[in-house]
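# Structural overview
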Amino acid sequence: GRPGANVTLLCRDPEPPNGTVLWSGRRRALGGGNALLLGGLRPEDAGRYSCHQGGHTLRTVRLLVEEPPEPPHVSCSRRSHDKDVLCEWQPRALPAPGTRAVLWMKRRFTAENMTEQRCHFYSVAQKFVCRVKVPPGTEDTKALVVSVCVSSRAGSSTGEDRIITLNGILKPDPPLNVSVEAVEFSPQRLRVRWSYPPSWDPRFYWLRFQVRYRPEPTPTFTQVDQVTRLWMDIGDAWRGTRHVVQVRAQEEFGHGAWSEWSREAVGTPWTEPRDVTEMGPYSSQFPAEDDPYGYGVTLPPELFSDDTTDDTRGAVLEATARSPTSPYALLVAGGSLLLAIALCFAIGMRYKQRAQAQRGAKLGGGGQHPMVPLCPPGSPLSSTPLLPPAAPPGPLHVTNLDY
């Protein structure tokens, strides 16, 4: 009987002729008679009941208080092209002890190569799981029929037949080793890396991936599709904010379903390190309120003592802010100064050479002389002197235009 129902236990048919029939069993208070009515059954009422007459046991009846198994709603998947088919379902209530489940798989429209597999119930996962070998010679696109029957001492039930294809039930495992790294000198970029799950062999079949990420203050994810590599750069990350990233996978041509999302990985974009001001002889350093760059102001310990005045009636100690000087600025300033000095020196030398050239032209005279070849044509250079012999001085002829 089912829990909450009524059941009648019969001792003999026909009823014993003389004497009183008594019952014994799980319940303390039991009536007499050939028929025993038990109402409002509970699981603890299950057990053996016996009827007696005159000290002799006439019959023993075993009562089961269970629900018959519910019809299974099966879903099948395959972790890769070379793995077995896994079919599973989760009942709404725990199955009774001794419940048995069997699965059959065969090609559609034919009874050949039927595969029978017993299913097991896993108490931790609270579900039945069946691992089925793929029939030999089955194509990935051919339809297969899956049937399941569940039986117990209280009855049996069957689920609806499911039509599947090996390509259609592909569902990879989530990607592994997801990591998020900062990209140096890029305050708005993050690099995400991951790897294939061990159940998928990338030598024969590939996967495509989806990546989703979000800054930690926001609940909404940004999703990127059609990623075929094992890494991706996020180019719109929030500066200085930690981000949550997840990755999932699907067969490269879109067959089957997406895997579950991977575990969350977190990372923060690169931030420019601040210059650390060298600490002076004092050990107390606090940020100044009017310091827009966040540099510290070193204060002497006298400011933090209880005695704020001395014998000179309250001389106030002022804090001096140290503004750090960048070595790059000193390098640029020194280079510019050296370049200016070199330029001035070059201009001075140029003017000096020009002045010397003009002075030499004035000393040599202002007349122009015709250009005369150094040697007549045909004569070798070695036989002709480079300069003519000096002429004896003579009278100055003012009418000679050659002067």
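Before any of the text, the structure's been laid out above.
Notes on the structure follow. What you see as residue numbers is a count from 1 along each chain, following the sequence as written. Local features in this predicted model are restricted to residues of pLDDT 70 or higher, and side-chain atom pairs are both shown and tallied only at a pLDDT of 80 or more, whereas totals for entire chains, interfaces and linings draw on every residue. Side-chain measures were taken over the full set of non-hydrogen atoms in the model, leaving aside hydrogen atoms and water.

Only DSSP runs of H or I with at least four residues qualify as helices, and only runs of E with at least two residues qualify as strands; both kinds are numbered from the N terminus onward. Relative to the helices and strands, serine 50 resides in strand S4 (residues 47-53). Here a polar contact is recorded for every N or O atom pair within 3.5 Å, except that within protein the pair must consist of a potential hydrogen donor and a potential acceptor, and residues adjacent in sequence are included only if both atoms are side-chain atoms. Polar contacts involving the side chain of serine 50 include one to the side chain of threonine 60, which spans 3.1 Å. Ignoring anything within four residues of it in the chain, the contact list for serine 50 reads Leu22, Trp23, Ser24, Thr57, Arg59 and Thr60. Any pair of residues with heavy atoms lying within 4.5 Å of one another is described as a contacting pair.

Reading across the sheet, the three strands line up as S2-S4-S5 and stay open at both edges, with antiparallel pairing between neighbours. The open sheet terminates on both sides in strands that have one partner only, identified here as strand S2 (22-24) and strand S5 (56-63). Across the sheet, the axes of successive neighbouring strands diverge by a mean angle of 25°, strand direction being ignored. The sheet contact formed by S4 and S5 spans seven bridges and is antiparallel. Bridge assignment links histidine 52 to a residue of S5, and that residue is threonine 57. A pair of strands is treated as paired once DSSP finds two or more bridges between them. Where helices are involved, their axes are fitted lines through C-alpha atoms of the stretch in contact, as for all axes, and angles between N-to-C directions lie from 0 to 180°.

Here serine 157 lies in strand S12 (residues 155-158). Three exposure classes are used, based on accessible area relative to the maximum for each residue type with a 1.4 Å probe and protein chains only: buried under 20%, partly exposed in between, and exposed over 50%. Classification of serine 157 as buried rests on a relative accessible area of 11%. Reaching out from serine 157, the side chain makes a polar contact with the backbone oxygen of glutamate 70 at a distance of 3.2 Å. If we skip the residues at most four places from it in the chain, serine 157 touches Pro69, Glu70, Pro71, Pro72, Val148, Cys149 and Val150.

Strand pairing in a sheet relies on backbone hydrogen bonds. The paired strands run either parallel or antiparallel. Strands sit in the order S14-S15-S18 across an open sheet of three strands; the sheet is antiparallel. Strands with a single pairing partner mark the edges of an open sheet, and in this sheet they are strand S14 (176-182) and strand S18 (231-234). Across the sheet, the axes of successive neighbouring strands diverge by a mean angle of 15°, strand direction being ignored. Sheet analysis places S14 next to strand S15 (residues 190-195), joined by five bridges and oriented antiparallel.

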